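Notes for the structure review
Here are the chains, one letter per residue:
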Amino acid sequence: MESFIEYSEEVLEGKKNGKAIVALESTIISHGMPYPQNVQTAREVEDIIRAGGAVPATIAILNGKIKIGLSQEELEYLGQASGVIKASRRDLPYILSSGKDGATTVAATMILAELADIAVFVTGGIGGVHRGAEKTMDISADLEELSRTNVAVVCAGAKSILDIGLTLEYLETKGVPVLGYQTDSLPAFYTRKSPYQVNYRMDTCEETASLLRTKWELGLSGGVVVANPIPEQDALEENEMNSIIESALQEAEEKNITGKEATPFLLGKVKELTEGRSLAANIALVKNNARVGAKLAVEYESMKTTYV
Ligand code: PSU
Ligand code: MN
């Protein structure tokens with residue numbers, strides 16, 4: 001796969017100078033947020049990572065090339081282009097061999113980040129086990145990827161369009177640690193808490209980085225979920241979100257929306273029903289994750305010398 005990769009100048013330079021690199025996904029840009037907020041948020045998130053002393057690497061596929069780091073023009077293109085394919089693991093061979101454009105999900109971004117030797121990845125929310133999965137079998141490929149690919153994913157937990165309890169069960173079966181950054185409760189994306197506990201609470205990025213090093217140096221392959229709650233002032237009201245999510249799920253069922261369309265449809269519906277407040281919350285939590293992700297990447301990078 002190496003021959004398909006193109007690094008941005010900034011990422012190449014960063015790698016040469018031994019700087020910490022933070023991967024960012026692109027489905028959130030093309031399918032998760034509307035233009036122009038998507039491009040603006042992506043830029044601001046990159047700036048937060050730079051301010052935190054790390055180098056941002058937004059990952060996508062353009063013209064069949066794996067991009068590790070996007071230029072301003074490429075980011076702008078991705079934010080507006082129609083026909084960009086939402087790319088999970090199973091979509092990579094087609095998009096690469098046919099020279100198409102793909103916006104990478106958590107799963108695909110993890111694969112490409114590992115290929116580029118990037119250990120920390122910042123996003124909004126991960127995919128998971130969908131409600132009703134006992135019938136539909138709709139379980140995001142993100143979970144399978146977390147079980148096999150060595151990348152830490154900083155997110156705001158799992159959105160309650162999913163069955164959070166079953167998502168945790170799946171991750172447990174697959175041996176994926178779910179860590180709470182300064183929290184005991186697993187955050188539920190728009191809200192700081194859910195009825196579920198994380199596996200372990202981490203109070204600092206230093207102890208989190210040390211756990212990552214320990215896991216991978218022991219040869220325990222697979223990812224780690226670092227769940228970071230949305231800031232208090234940006235969180236939405238739990239009961240209100242639950243009823244909005246219920247009606248979004250009901251509409252998806254009525255319209256028979258399945259497969260890869262399910263998550264973008266539900267995200268779009270929630271945004272519509274909250275009149276944009278969910279978008280503001282989404283932007284705030286991604287930025288908050290970028291702050292933690294940059295710090296974590298810098299800590300992780302600084303530990304390299306201790307072990308080799
Ligand atoms: N959850 C969110 N926002 C998102 C996604 C998930 O709150 O933008 C995107 C991510 O790219 C994630 C993907 O990897 O949706 C999961 O899609 P699916 O459920 O089809 O695997
Ligand atoms: Mn799915």
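Residues numbered from 1 in each chain as written. Chains lettered and ligands numbered in written order. Predicted model: local features only at pLDDT ≥ 70, side-chain atom pairs only at ≥ 80, totals over all residues. Heavy atoms only, no water.

**What about empty space enclosed by the protein?**
The final tally for this structure, using the stated rule, is two cavities of 30 Å³ or more. The volume enclosed by the largest cavity comes to roughly 140 Å³. For the largest cavity, the lining is made up of 14 residues, of which Glu25, Ile28, Ile29, Ala42 and Val286 are closest to its centre. Those elements that provide at least two residues to the lining of the largest cavity are helix 2 (27-32) and helix 3 (37-51). (1 Å grid on protein atoms, 1.4 Å probe; cavity = no way out; pocket = protein on both sides within 12 Å on 5 of 7 lines; lining within 4 Å. Points joined across faces, edges and corners; volume = space filled by probe spheres on them. Helix = DSSP H or I, 4+ residues; strand = E, 2+ residues; numbered from the N terminus.)

**Focus: the UniProt feature "binding site: substrate" (unreviewed entry) in the protein chain**
Taking the UniProt record as the reference, the feature "binding site: substrate" (unreviewed entry) is found at Lys86, Val106, Ser140, Ala141 and Asp142. These annotated residues cover 57 residues of sequence, but their C-alpha atoms sit close together, with the largest distance between any two at 13.0 Å. Residues from the named set that contribute to the lining of the largest pocket are Lys86, Val106, Ser140, Ala141 and Asp142. Among the secondary structure elements, Lys86 is positioned in strand 5 (residues 85-87). The exposure class of Lys86 is buried, given its relative accessible area of 13%. When residues no more than four places from it in sequence are discounted, the contact partners of Lys86 are Thr27, His31, Asp91, Ala103, Thr105, Lys260, Thr263 and Pro264. Structurally, Val106 is set in helix 6 (residues 106-115). Using a relative accessible area of 2% as the deciding quantity, one classes Val106 as buried. Residues within four places of Val106 in sequence aside, it is in contact with Glu25, Phe121, Thr123, Gly125, Ile126, Asp142 and Val153. (UniProt positions renumbered as here; feature names shortened; annotations may be inferred. Buried < 20%, exposed > 50% of the residue type's maximum accessible area, 1.4 Å probe, protein only. Contact = heavy atoms within 4.5 Å.)

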